[in-house]
Amino acid sequence: GNILLVAEALAARRSSSCAAARRSFPMLLQAARVARARALPALPRLLAGASASTSALPRLLGASASSSQPLLSLARRGRSTLSMPGVGAGSVAEAVASAVAAPAAQTVDRAVGWWLLVSSGSVFCMVVVGGITRLTRSGLSMTDWRPQGKRWPRNDAEWEAEFDRWKQFPEYQRLYKGSSIPFSMEDFKGIFFWEWFHRMMGRSIGVIYGVPLAYFWARGRIPRSLAPTLGGLLLAGGSQGLVGWWMVRSGLDSKQVEAIDGGIPTVSPYRLAAHLTCAFGIFSVLLHTSLGILQPRVAEAVALPSLRPLQQRVRGLALLVGVTAISGAFVAGRQAGFAFNTFPLMEGRLVPEGYMELRPLYRNFFESVPSVQLHHRALALTTLASVSGVWVWVQAMPLPPQLRLATDLLLLAAWGQVGLGVATLVNCVPVHLGSAHQAGALSLFSVVLFTLHSCRAPAQAGKLAARIGQRVAVA
(Lines give C-alpha, C1' and ligand atoms only; values in the text may rest on other atoms or scores of the structure.)
Protein backbone atom coordinates (compact mmCIF):
# COMPACT_ATOMS: atom_id res chain seq x y z
CA GLY A 1 0.00 0.00 0.00
CA ASN A 2 2.81 2.44 0.85
CA ILE A 3 4.54 1.72 -2.48
CA LEU A 4 1.43 2.87 -4.34
CA LEU A 5 1.28 6.02 -2.21
CA VAL A 6 4.95 6.79 -2.90
CA ALA A 7 4.49 6.21 -6.61
CA GLU A 8 1.51 8.56 -6.74
CA ALA A 9 3.36 11.22 -4.80
CA LEU A 10 6.30 11.11 -7.21
CA ALA A 11 3.97 11.14 -10.22
CA ALA A 12 2.08 14.12 -8.84
CA ARG A 13 5.34 16.03 -8.22
CA ARG A 14 6.64 15.35 -11.73
CA SER A 15 3.48 15.26 -13.81
CA SER A 16 5.36 16.76 -16.76
CA SER A 17 7.71 13.78 -16.78
CA CYS A 18 5.21 10.92 -16.66
CA ALA A 19 7.19 8.66 -18.98
CA ALA A 20 10.37 9.05 -16.96
CA ALA A 21 8.43 8.54 -13.72
CA ARG A 22 6.99 5.26 -15.00
CA ARG A 23 10.50 4.05 -15.81
CA SER A 24 11.55 4.81 -12.23
CA PHE A 25 8.73 2.86 -10.58
CA PRO A 26 10.18 -0.66 -11.08
CA MET A 27 13.46 0.44 -9.48
CA LEU A 28 11.63 2.07 -6.55
CA LEU A 29 9.40 -0.98 -6.10
CA GLN A 30 12.37 -3.38 -6.06
CA ALA A 31 14.29 -1.16 -3.67
CA ALA A 32 11.41 -0.99 -1.25
CA ARG A 33 10.92 -4.75 -1.36
CA VAL A 34 14.58 -5.29 -0.49
CA ALA A 35 14.34 -2.84 2.42
CA ARG A 36 11.26 -4.57 3.75
CA ALA A 37 12.87 -8.01 3.47
CA ARG A 38 15.91 -6.73 5.39
CA ALA A 39 13.80 -5.12 8.11
CA LEU A 40 11.43 -8.05 8.77
CA PRO A 41 13.97 -10.34 10.56
CA ALA A 42 14.66 -7.58 13.08
CA LEU A 43 10.98 -7.05 13.87
CA PRO A 44 10.56 -9.70 16.63
CA ARG A 45 13.64 -8.49 18.49
CA LEU A 46 12.49 -4.88 18.35
CA LEU A 47 9.01 -5.71 19.64
CA ALA A 48 10.20 -8.08 22.41
CA GLY A 49 9.46 -6.73 25.86
CA ALA A 50 7.27 -3.89 24.57
CA SER A 51 4.15 -3.34 26.63
CA ALA A 52 2.18 -2.15 23.60
CA SER A 53 2.71 -1.89 19.89
CA THR A 54 2.35 1.89 19.98
CA SER A 55 5.20 2.25 22.48
CA ALA A 56 7.43 -0.03 20.39
CA LEU A 57 6.74 1.71 17.09
CA PRO A 58 9.12 4.68 17.47
CA ARG A 59 12.00 2.31 18.36
CA LEU A 60 11.16 0.08 15.43
CA LEU A 61 11.21 2.94 12.96
CA GLY A 62 14.34 4.39 14.52
CA ALA A 63 16.13 1.07 14.24
CA SER A 64 15.06 0.72 10.62
CA ALA A 65 17.54 3.45 9.69
CA SER A 66 20.23 0.78 9.47
CA SER A 67 17.96 -1.34 7.28
CA SER A 68 17.64 1.54 4.82
CA GLN A 69 21.35 1.41 3.94
CA PRO A 70 20.97 -1.59 1.59
CA LEU A 71 18.07 0.24 -0.05
CA LEU A 72 20.27 3.30 -0.58
CA SER A 73 23.16 1.33 -2.01
CA LEU A 74 20.89 -0.71 -4.27
CA ALA A 75 19.26 2.41 -5.67
CA ARG A 76 22.64 4.04 -6.27
CA ARG A 77 23.89 0.96 -8.17
CA GLY A 78 20.88 1.24 -10.49
CA ARG A 79 21.34 4.97 -10.98
CA SER A 80 21.42 4.66 -14.76
CA THR A 81 17.83 3.32 -14.88
CA LEU A 82 16.37 6.30 -13.00
CA SER A 83 16.07 9.03 -15.58
CA MET A 84 13.75 11.63 -14.10
CA PRO A 85 14.76 15.04 -15.49
CA GLY A 86 16.16 17.21 -12.77
CA VAL A 87 15.98 14.47 -10.14
CA GLY A 88 18.93 12.18 -9.51
CA ALA A 89 18.51 8.56 -8.56
CA GLY A 90 20.55 9.17 -5.44
CA SER A 91 18.16 11.85 -4.22
CA VAL A 92 15.15 9.56 -4.75
CA ALA A 93 16.81 6.69 -2.87
CA GLU A 94 17.92 8.99 -0.06
CA ALA A 95 14.37 10.34 0.22
CA VAL A 96 12.95 6.83 0.46
CA ALA A 97 15.50 5.69 3.03
CA SER A 98 15.15 8.83 5.13
CA ALA A 99 11.36 8.69 5.09
CA VAL A 100 11.29 5.02 6.07
CA ALA A 101 13.67 5.63 8.97
CA ALA A 102 11.87 8.75 10.22
CA PRO A 103 10.16 8.38 13.63
CA ALA A 104 6.38 8.01 13.73
CA ALA A 105 4.15 10.71 15.17
CA GLN A 106 2.65 10.13 18.60
CA THR A 107 -0.85 8.64 18.42
CA VAL A 108 -3.85 8.66 20.77
CA ASP A 109 -4.40 5.67 23.03
CA ARG A 110 -6.58 3.14 21.18
CA ALA A 111 -8.61 2.57 24.35
CA VAL A 112 -9.92 6.12 23.91
CA GLY A 113 -11.03 5.23 20.39
CA TRP A 114 -12.87 2.12 21.53
CA TRP A 115 -14.58 4.07 24.32
CA LEU A 116 -15.83 6.66 21.81
CA LEU A 117 -16.99 3.90 19.47
CA VAL A 118 -19.01 2.28 22.28
CA SER A 119 -20.45 5.70 23.14
CA SER A 120 -21.54 6.21 19.52
CA GLY A 121 -23.24 2.81 19.58
CA SER A 122 -25.11 3.84 22.73
CA VAL A 123 -26.33 7.01 21.02
CA PHE A 124 -27.42 4.91 18.04
CA CYS A 125 -29.57 2.74 20.32
CA MET A 126 -30.91 5.88 21.99
CA VAL A 127 -32.11 7.24 18.63
CA VAL A 128 -33.86 3.96 17.83
CA VAL A 129 -35.62 3.94 21.21
CA GLY A 130 -36.61 7.55 20.61
CA GLY A 131 -38.23 6.52 17.34
CA ILE A 132 -40.22 3.79 19.10
CA THR A 133 -41.27 6.30 21.76
CA ARG A 134 -42.58 8.65 19.09
CA LEU A 135 -44.33 5.96 17.04
CA THR A 136 -46.13 4.52 20.08
CA ARG A 137 -47.28 8.02 21.06
CA SER A 138 -45.51 7.63 24.38
CA GLY A 139 -43.58 10.90 24.44
CA LEU A 140 -46.23 12.90 26.33
CA SER A 141 -46.93 10.32 29.04
CA MET A 142 -44.48 11.89 31.52
CA THR A 143 -45.55 15.43 32.27
CA ASP A 144 -42.55 16.64 34.27
CA TRP A 145 -38.78 16.50 34.01
CA ARG A 146 -36.04 16.19 36.62
CA PRO A 147 -32.30 16.25 35.88
CA GLN A 148 -31.71 13.29 38.22
CA GLY A 149 -34.52 11.28 36.63
CA LYS A 150 -37.60 9.64 38.09
CA ARG A 151 -37.81 6.17 39.54
CA TRP A 152 -40.24 3.61 38.20
CA PRO A 153 -43.60 3.71 40.09
CA ARG A 154 -43.49 1.00 42.76
CA ASN A 155 -47.13 0.54 43.78
CA ASP A 156 -50.70 1.19 42.70
CA ALA A 157 -50.87 4.51 44.50
CA GLU A 158 -47.90 5.91 42.59
CA TRP A 159 -49.35 4.63 39.32
CA GLU A 160 -52.67 6.29 40.04
CA ALA A 161 -50.90 9.57 40.78
CA GLU A 162 -49.03 9.45 37.45
CA PHE A 163 -52.19 8.51 35.56
CA ASP A 164 -54.23 11.31 37.15
CA ARG A 165 -51.49 13.82 36.39
CA TRP A 166 -51.42 12.82 32.72
CA LYS A 167 -55.21 13.14 32.47
CA GLN A 168 -54.90 16.89 33.08
CA PHE A 169 -53.02 17.47 29.83
CA PRO A 170 -54.23 17.86 26.21
CA GLU A 171 -53.38 14.34 24.98
CA TYR A 172 -55.89 12.67 27.27
CA GLN A 173 -58.38 15.53 27.13
CA ARG A 174 -58.52 15.61 23.30
CA LEU A 175 -58.12 11.94 22.40
CA TYR A 176 -59.47 9.79 25.20
CA LYS A 177 -61.79 11.72 27.52
CA GLY A 178 -65.37 10.71 26.80
CA SER A 179 -64.24 8.25 24.14
CA SER A 180 -66.22 5.08 23.54
CA ILE A 181 -62.95 3.15 23.83
CA PRO A 182 -61.60 3.76 27.35
CA PHE A 183 -57.88 4.22 27.96
CA SER A 184 -57.02 1.86 30.82
CA MET A 185 -54.23 1.85 33.38
CA GLU A 186 -52.53 -0.98 31.49
CA ASP A 187 -52.53 1.15 28.33
CA PHE A 188 -50.97 4.00 30.27
CA LYS A 189 -48.26 1.74 31.70
CA GLY A 190 -47.32 0.74 28.16
CA ILE A 191 -46.72 4.28 26.92
CA PHE A 192 -45.17 5.37 30.23
CA PHE A 193 -42.53 2.63 29.93
CA TRP A 194 -41.12 3.83 26.60
CA GLU A 195 -40.82 7.46 27.66
CA TRP A 196 -39.30 6.49 31.02
CA PHE A 197 -36.87 4.06 29.36
CA HIS A 198 -35.88 6.68 26.78
CA ARG A 199 -35.08 9.23 29.47
CA MET A 200 -33.19 6.78 31.69
CA MET A 201 -31.22 5.53 28.71
CA GLY A 202 -30.09 9.09 28.07
CA ARG A 203 -28.81 9.36 31.64
CA SER A 204 -27.05 5.99 31.24
CA ILE A 205 -25.22 7.32 28.18
CA GLY A 206 -24.05 10.20 30.37
CA VAL A 207 -22.41 7.64 32.66
CA ILE A 208 -21.00 5.60 29.74
CA TYR A 209 -19.40 8.72 28.32
CA GLY A 210 -18.64 10.81 31.42
CA VAL A 211 -16.96 8.25 33.72
CA PRO A 212 -14.33 7.06 31.18
CA LEU A 213 -13.77 10.68 30.16
CA ALA A 214 -12.87 11.57 33.75
CA TYR A 215 -10.63 8.50 34.03
CA PHE A 216 -8.70 9.14 30.80
CA TRP A 217 -8.35 12.82 31.68
CA ALA A 218 -7.00 12.04 35.16
CA ARG A 219 -4.49 9.58 33.69
CA GLY A 220 -3.29 12.08 31.09
CA ARG A 221 -4.31 9.87 28.18
CA ILE A 222 -6.28 12.57 26.34
CA PRO A 223 -4.09 14.90 24.22
CA ARG A 224 -4.77 18.61 24.24
CA SER A 225 -5.79 18.55 20.58
CA LEU A 226 -8.69 16.21 21.43
CA ALA A 227 -9.84 17.95 24.61
CA PRO A 228 -12.11 20.59 22.96
CA THR A 229 -13.94 17.91 20.95
CA LEU A 230 -14.53 15.68 23.96
CA GLY A 231 -15.57 18.63 26.13
CA GLY A 232 -17.98 19.82 23.46
CA LEU A 233 -19.51 16.34 23.25
CA LEU A 234 -20.03 16.32 27.02
CA LEU A 235 -21.77 19.70 26.86
CA ALA A 236 -23.89 18.71 23.84
CA GLY A 237 -24.94 15.43 25.44
CA GLY A 238 -25.94 17.15 28.66
CA SER A 239 -27.95 19.79 26.82
CA GLN A 240 -29.73 17.14 24.73
CA GLY A 241 -31.89 16.30 27.73
CA LEU A 242 -32.99 19.92 27.96
CA VAL A 243 -33.73 19.99 24.22
CA GLY A 244 -35.84 16.86 24.63
CA TRP A 245 -37.87 18.38 27.45
CA TRP A 246 -38.26 21.61 25.47
CA MET A 247 -39.69 19.46 22.67
CA VAL A 248 -42.08 17.56 24.99
CA ARG A 249 -43.34 20.81 26.55
CA SER A 250 -44.71 21.86 23.16
CA GLY A 251 -47.11 18.90 23.26
CA LEU A 252 -48.20 19.59 26.82
CA ASP A 253 -48.98 23.28 26.32
CA SER A 254 -52.71 23.77 25.61
CA LYS A 255 -52.15 27.01 23.71
CA GLN A 256 -49.65 25.42 21.33
CA VAL A 257 -51.89 22.40 20.83
CA GLU A 258 -54.77 24.73 19.86
CA ALA A 259 -52.63 26.13 17.05
CA ILE A 260 -52.19 22.66 15.50
CA ASP A 261 -54.55 21.71 12.69
CA GLY A 262 -57.37 19.73 14.27
CA GLY A 263 -56.05 20.31 17.76
CA ILE A 264 -54.37 16.87 17.92
CA PRO A 265 -51.66 16.92 20.61
CA THR A 266 -48.23 16.47 19.03
CA VAL A 267 -44.86 18.00 19.68
CA SER A 268 -43.62 20.88 17.56
CA PRO A 269 -42.05 19.60 14.31
CA TYR A 270 -39.38 22.30 14.64
CA ARG A 271 -38.40 21.12 18.11
CA LEU A 272 -38.52 17.49 17.05
CA ALA A 273 -36.20 18.24 14.14
CA ALA A 274 -33.84 20.11 16.48
CA HIS A 275 -33.81 17.19 18.93
CA LEU A 276 -33.11 14.62 16.20
CA THR A 277 -30.50 16.81 14.50
CA CYS A 278 -28.63 17.20 17.80
CA ALA A 279 -28.65 13.42 18.24
CA PHE A 280 -27.32 12.93 14.71
CA GLY A 281 -24.62 15.51 15.31
CA ILE A 282 -23.45 13.91 18.57
CA PHE A 283 -23.41 10.45 16.99
CA SER A 284 -21.49 11.69 13.94
CA VAL A 285 -18.77 13.42 15.95
CA LEU A 286 -18.36 10.37 18.20
CA LEU A 287 -18.06 7.99 15.25
CA HIS A 288 -15.79 10.26 13.22
CA THR A 289 -13.46 10.85 16.17
CA SER A 290 -13.28 7.17 17.09
CA LEU A 291 -12.43 6.18 13.51
CA GLY A 292 -9.72 8.82 13.42
CA ILE A 293 -8.13 7.35 16.55
CA LEU A 294 -8.47 3.67 15.66
CA GLN A 295 -7.37 4.23 12.06
CA PRO A 296 -5.27 7.43 11.96
CA ARG A 297 -5.48 9.20 8.63
CA VAL A 298 -3.91 12.30 7.12
CA ALA A 299 -6.00 15.46 7.05
CA GLU A 300 -5.87 15.72 3.26
CA ALA A 301 -5.21 13.25 0.47
CA VAL A 302 -1.53 14.22 0.30
CA ALA A 303 -0.42 10.82 -0.89
CA LEU A 304 -3.45 9.97 -3.02
CA PRO A 305 -4.34 13.01 -5.13
CA SER A 306 -6.31 10.74 -7.47
CA LEU A 307 -8.85 10.22 -4.66
CA ARG A 308 -9.59 13.91 -4.12
CA PRO A 309 -12.50 13.92 -6.61
CA LEU A 310 -14.01 10.96 -4.76
CA GLN A 311 -13.57 12.78 -1.45
CA GLN A 312 -15.50 15.75 -2.78
CA ARG A 313 -18.32 13.55 -4.05
CA VAL A 314 -18.61 11.67 -0.76
CA ARG A 315 -18.75 14.99 1.13
CA GLY A 316 -21.64 15.96 -1.11
CA LEU A 317 -23.34 12.64 -0.34
CA ALA A 318 -22.89 13.27 3.40
CA LEU A 319 -24.62 16.64 3.05
CA LEU A 320 -27.43 15.13 0.98
CA VAL A 321 -28.02 12.27 3.43
CA GLY A 322 -28.05 14.72 6.35
CA VAL A 323 -30.59 17.04 4.71
CA THR A 324 -32.78 14.04 3.81
CA ALA A 325 -32.70 12.82 7.42
CA ILE A 326 -33.68 16.27 8.72
CA SER A 327 -36.56 16.43 6.24
CA GLY A 328 -37.65 13.06 7.61
CA ALA A 329 -37.85 14.64 11.06
CA PHE A 330 -40.43 17.10 9.73
CA VAL A 331 -42.34 14.21 8.13
CA ALA A 332 -42.40 12.54 11.55
CA GLY A 333 -43.31 15.77 13.33
CA ARG A 334 -46.31 16.36 11.06
CA GLN A 335 -47.17 12.63 11.02
CA ALA A 336 -47.12 12.94 7.24
CA GLY A 337 -46.35 9.24 6.81
CA PHE A 338 -49.98 8.41 7.55
CA ALA A 339 -51.11 10.27 4.41
CA PHE A 340 -50.56 9.49 0.71
CA ASN A 341 -49.74 5.85 1.39
CA THR A 342 -48.99 4.97 -2.23
CA PHE A 343 -45.76 4.83 -4.22
CA PRO A 344 -44.39 6.10 -6.56
CA LEU A 345 -47.40 8.40 -7.10
CA MET A 346 -49.13 10.23 -4.26
CA GLU A 347 -52.77 9.10 -4.46
CA GLY A 348 -52.45 8.91 -8.24
CA ARG A 349 -50.73 12.26 -8.67
CA LEU A 350 -47.11 13.23 -9.18
CA VAL A 351 -47.68 16.49 -7.26
CA PRO A 352 -50.21 15.97 -4.46
CA GLU A 353 -53.24 18.09 -3.81
CA GLY A 354 -52.50 20.88 -1.35
CA TYR A 355 -48.85 21.22 -2.30
CA MET A 356 -47.30 24.60 -1.36
CA GLU A 357 -50.66 26.14 -0.38
CA LEU A 358 -49.72 27.50 3.05
CA ARG A 359 -48.79 31.12 3.54
CA PRO A 360 -46.21 32.41 4.25
CA LEU A 361 -44.56 30.17 1.68
CA TYR A 362 -41.76 28.92 3.94
CA ARG A 363 -44.27 27.07 6.15
CA ASN A 364 -44.79 24.50 3.38
CA PHE A 365 -41.26 23.19 3.85
CA PHE A 366 -41.91 22.38 7.50
CA GLU A 367 -45.66 22.24 8.26
CA SER A 368 -47.57 21.15 5.14
CA VAL A 369 -48.21 17.38 5.08
CA PRO A 370 -48.25 16.99 1.25
CA SER A 371 -45.27 19.30 0.83
CA VAL A 372 -42.95 17.77 3.43
CA GLN A 373 -43.71 14.24 2.22
CA LEU A 374 -43.09 15.10 -1.44
CA HIS A 375 -39.84 16.85 -0.52
CA HIS A 376 -38.70 13.87 1.54
CA ARG A 377 -39.47 11.51 -1.34
CA ALA A 378 -37.57 13.70 -3.79
CA LEU A 379 -34.55 14.00 -1.50
CA ALA A 380 -34.51 10.25 -0.83
CA LEU A 381 -34.60 9.37 -4.53
CA THR A 382 -31.95 12.00 -5.28
CA THR A 383 -29.73 10.47 -2.60
CA LEU A 384 -30.25 6.99 -4.03
CA ALA A 385 -29.44 8.14 -7.57
CA SER A 386 -26.35 10.01 -6.38
CA VAL A 387 -25.00 7.07 -4.38
CA SER A 388 -25.63 4.72 -7.30
CA GLY A 389 -23.88 7.10 -9.68
CA VAL A 390 -20.82 7.38 -7.44
CA TRP A 391 -20.68 3.59 -7.09
CA VAL A 392 -20.75 3.09 -10.87
CA TRP A 393 -18.10 5.78 -11.31
CA VAL A 394 -15.63 4.18 -8.88
CA GLN A 395 -15.86 0.71 -10.43
CA ALA A 396 -13.14 1.61 -12.93
CA MET A 397 -10.83 2.99 -10.21
CA PRO A 398 -8.12 0.89 -8.49
CA LEU A 399 -9.35 1.50 -4.93
CA PRO A 400 -7.79 0.17 -1.70
CA PRO A 401 -9.73 -2.80 -0.27
CA GLN A 402 -11.25 -0.85 2.63
CA LEU A 403 -12.46 1.95 0.37
CA ARG A 404 -13.89 -0.58 -2.09
CA LEU A 405 -15.78 -2.21 0.79
CA ALA A 406 -17.03 1.18 1.99
CA THR A 407 -18.46 2.13 -1.42
CA ASP A 408 -20.18 -1.25 -1.72
CA LEU A 409 -21.71 -0.88 1.74
CA LEU A 410 -22.82 2.64 0.85
CA LEU A 411 -24.75 1.36 -2.15
CA LEU A 412 -26.40 -1.42 -0.12
CA ALA A 413 -27.30 0.96 2.71
CA ALA A 414 -28.87 3.51 0.34
CA TRP A 415 -31.02 0.94 -1.45
CA GLY A 416 -32.00 -0.70 1.83
CA GLN A 417 -33.02 2.62 3.37
CA VAL A 418 -35.17 3.62 0.41
CA GLY A 419 -36.76 0.17 0.41
CA LEU A 420 -37.54 0.50 4.11
CA GLY A 421 -39.01 3.95 3.53
CA VAL A 422 -41.35 2.70 0.81
CA ALA A 423 -42.42 -0.29 2.93
CA THR A 424 -43.06 1.99 5.90
CA LEU A 425 -45.16 4.35 3.81
CA VAL A 426 -47.40 1.84 2.03
CA ASN A 427 -48.06 0.01 5.32
CA CYS A 428 -49.10 3.22 7.12
CA VAL A 429 -46.06 3.41 9.42
CA PRO A 430 -46.17 0.34 11.67
CA VAL A 431 -43.91 0.68 14.69
CA HIS A 432 -41.40 -1.99 13.65
CA LEU A 433 -40.92 -0.57 10.15
CA GLY A 434 -40.92 3.06 11.27
CA SER A 435 -38.25 2.44 13.91
CA ALA A 436 -36.21 0.38 11.42
CA HIS A 437 -36.41 3.25 8.93
CA GLN A 438 -35.10 5.70 11.53
CA ALA A 439 -32.28 3.29 12.38
CA GLY A 440 -31.58 2.94 8.66
CA ALA A 441 -31.08 6.69 8.30
CA LEU A 442 -28.42 6.65 11.00
CA SER A 443 -26.84 3.52 9.51
CA LEU A 444 -26.63 5.14 6.08
CA PHE A 445 -25.00 8.23 7.53
CA SER A 446 -22.55 5.99 9.42
CA VAL A 447 -21.49 4.31 6.18
CA VAL A 448 -21.05 7.70 4.52
CA LEU A 449 -18.72 8.76 7.35
CA PHE A 450 -16.82 5.47 7.05
CA THR A 451 -16.45 6.00 3.30
CA LEU A 452 -15.21 9.55 3.78
CA HIS A 453 -12.73 8.30 6.38
CA SER A 454 -11.51 5.56 4.03
CA CYS A 455 -10.89 8.11 1.24
CA ARG A 456 -7.98 9.54 3.20
CA ALA A 457 -4.54 7.97 3.21
CA PRO A 458 -3.24 6.24 6.35
CA ALA A 459 -1.34 8.69 8.53
CA GLN A 460 2.08 7.02 8.32
CA ALA A 461 1.82 6.32 4.60
CA GLY A 462 0.72 9.86 3.91
CA LYS A 463 3.60 11.33 5.91
CA LEU A 464 6.02 8.97 4.17
CA ALA A 465 4.94 10.05 0.71
CA ALA A 466 4.86 13.72 1.72
CA ARG A 467 8.46 13.56 3.02
CA ILE A 468 9.59 11.84 -0.15
CA GLY A 469 7.86 14.40 -2.31
CA GLN A 470 9.44 17.27 -0.38
CA ARG A 471 12.94 15.78 -0.61
CA VAL A 472 12.56 15.06 -4.33
CA ALA A 473 11.40 18.62 -4.91
CA VAL A 474 14.37 20.03 -3.04
CA ALA A 475 16.76 17.74 -4.85
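Being a predicted model, the structure only gives us computed values, none of them experimental.

On to the overall build of the protein. The helix and strand tally for the protein stands at 17 helices and zero strands. For the protein, the proportion of contacts with a sequence separation of at least 24, taken over those separated by at least 6, is 78%. Accessible area for the protein stands at about 23,400 Å²; split by element, carbon and sulfur atoms hold 64% of it.

With that settled, consider the pattern of salt bridges. The full count for this structure, using the stated rule, is eleven salt bridges. One salt bridge connects Arg137 with Glu171, and the closest N-O pair in it is separated by 3.8 Å. Within this pair, whereas Arg137 is found in the loop between helix H6 (110-135) and helix H7 (156-166), its partner Glu171 is found in helix H8 (residues 170-175), the two being separated by 34 residues in sequence. Accessibility expressed as a relative area gives 26% for Arg137, which makes it partly exposed. Classification of Glu171 by relative accessible area gives buried; the value is 4%. With its nearest N and O atoms 3.1 Å apart, the salt bridge here joins Glu158 to Arg151.

When the pLDDT values of the protein are averaged, the result is 80; 71% of them are 70 or greater. Counted against residues more than four places away or in other chains, residues 49-106, with its pLDDT under 50, gives 77 contacts.

Glancing now at the packing of aromatic side chains. Tallying each qualifying case throughout the model produces 26 aromatic pairs. Arranged with centres 6.5 Å apart and planes meeting at 35°, the rings of Tyr172 and Tyr176 form a pair that is tilted. The class of Tyr176 is partly exposed, set by a relative accessible area of 21%. Measuring from ring centre to ring centre gives 6.4 Å for Trp194 and Phe197, while their planes differ by 75°; the resulting arrangement is edge-to-face. Placement of both Trp194 and Phe197 in helix H9 (residues 185-218) is noted, with a separation of three residues, approximately one turn of the helix. Look at Trp194 and you get partly exposed, because its relative accessible area is 25%. Cation over ring: Lys167 sits above Phe163, and NZ or CZ is 4.3 Å from the ring centre. One Lys or Arg, Arg313, reaches over the ring of Trp393 and ends 4.1 Å from the middle of that ring.

The interhelical angle for the contact between H6 and helix H12 (residues 269-294), taken along N-to-C directions, is 155°, at an axis separation of 8 Å. One way to sum up the angle between H6 and H12 is to call them roughly antiparallel. For the element pair H6 and H12, the recorded crossing hand is left-handed. Contacts between H6 and H12 involve Arg110, Val112, Gly113, Trp114, Leu116, Leu117, Ser119, Ser120, Val123, Phe124, Val127 and Arg134 from the first element and Leu272, Leu276, Ala279, Ile282, Phe283, Leu286, Leu287, Thr289, Ser290, Ile293 and Leu294 from the second.

Right, let's get into the nonpolar core. Core analysis: the largest hydrophobic core is formed by 57 residues, its most contacted members being Trp115, Leu116, Tyr209, Leu230 and Leu310. With ten residues, the single largest contributor to this core is H12. Ignoring anything within four residues of it in the chain, the contact list for Tyr209 reads Trp115, Leu116, Ser119, Leu230, Leu233, Leu234 and Leu286. Residues Trp159, Phe163, Phe188 and Phe192 belong to the second largest nonpolar core, which totals eleven residues.

Attention now moves to the packing of helix H15 (residues 401-426) against helix H16 (residues 431-454). Two elements in contact, H15 and H16, have axes separated by 9 Å at closest approach and are oriented at 160°. Judged on the interaxial angle alone, H16 and H15 are roughly antiparallel. Crossing hand, H15 versus H16: left-handed. In terms of residue class, the contact of H15 with H16 is made up of 15 nonpolar, eleven polar and no charged.

Attention now moves to H16. The end-to-end C-alpha distance of H16 is 34 Å, a good match for the 34 Å that 24 residues give at a rise of 1.5 Å each. Counting buried positions along H16 gives 19 out of 24 residues, so the element sits mostly inside the fold.

A separate point is the environment of Ile191. Position of Ile191 among the secondary structure elements: in helix H9. When the C-alpha atoms of Ile191 and Ser141 are compared, they prove to be 6.4 Å apart, with 50 residues separating the residues in sequence. Leaving out residues up to four positions away in the same chain, Ile191 has contacts with Thr136, Arg137, Ser138, Ser141, Trp166 and Phe183.

Parameters at a glance
Residues numbered from 1 in each chain as written. Predicted model: local features only at pLDDT ≥ 70, side-chain atom pairs only at ≥ 80, totals over all residues. Heavy atoms only, no water. Helix = DSSP H or I, 4+ residues; strand = E, 2+ residues; numbered from the N terminus. Contact = heavy atoms within 4.5 Å. Areas by Shrake-Rupley, 256 points an atom, 1.4 Å probe, with all protein chains shown as cover. Salt bridge = Lys/Arg side-chain N within 4 Å of Asp/Glu carboxyl O. Buried < 20%, exposed > 50% of the residue type's maximum accessible area, 1.4 Å probe, protein only. pLDDT = per-residue confidence, 0-100. Phe/Tyr/Trp six-rings, centres within 6.5 Å; stacked < 30°, edge-to-face > 60°. Lys NZ or Arg CZ within 6 Å of the ring centre and 35° of its normal. Axes fitted to C-alpha atoms, helices over the stretch in contact; angles between N-to-C directions. Parallel < 35°, antiparallel > 145°, perpendicular 65-115°, else oblique. Left-handed = near helix turned anticlockwise from the far one by under 90°. Core = buried A, V, L, I, M, F, W, Y, C linked by side-chain atoms within 4.5 Å. Nonpolar A, V, L, I, M, F, W, Y, C, P; charged D, E, K, R; others polar. Expected span 1.5 Å × (residues − 1).

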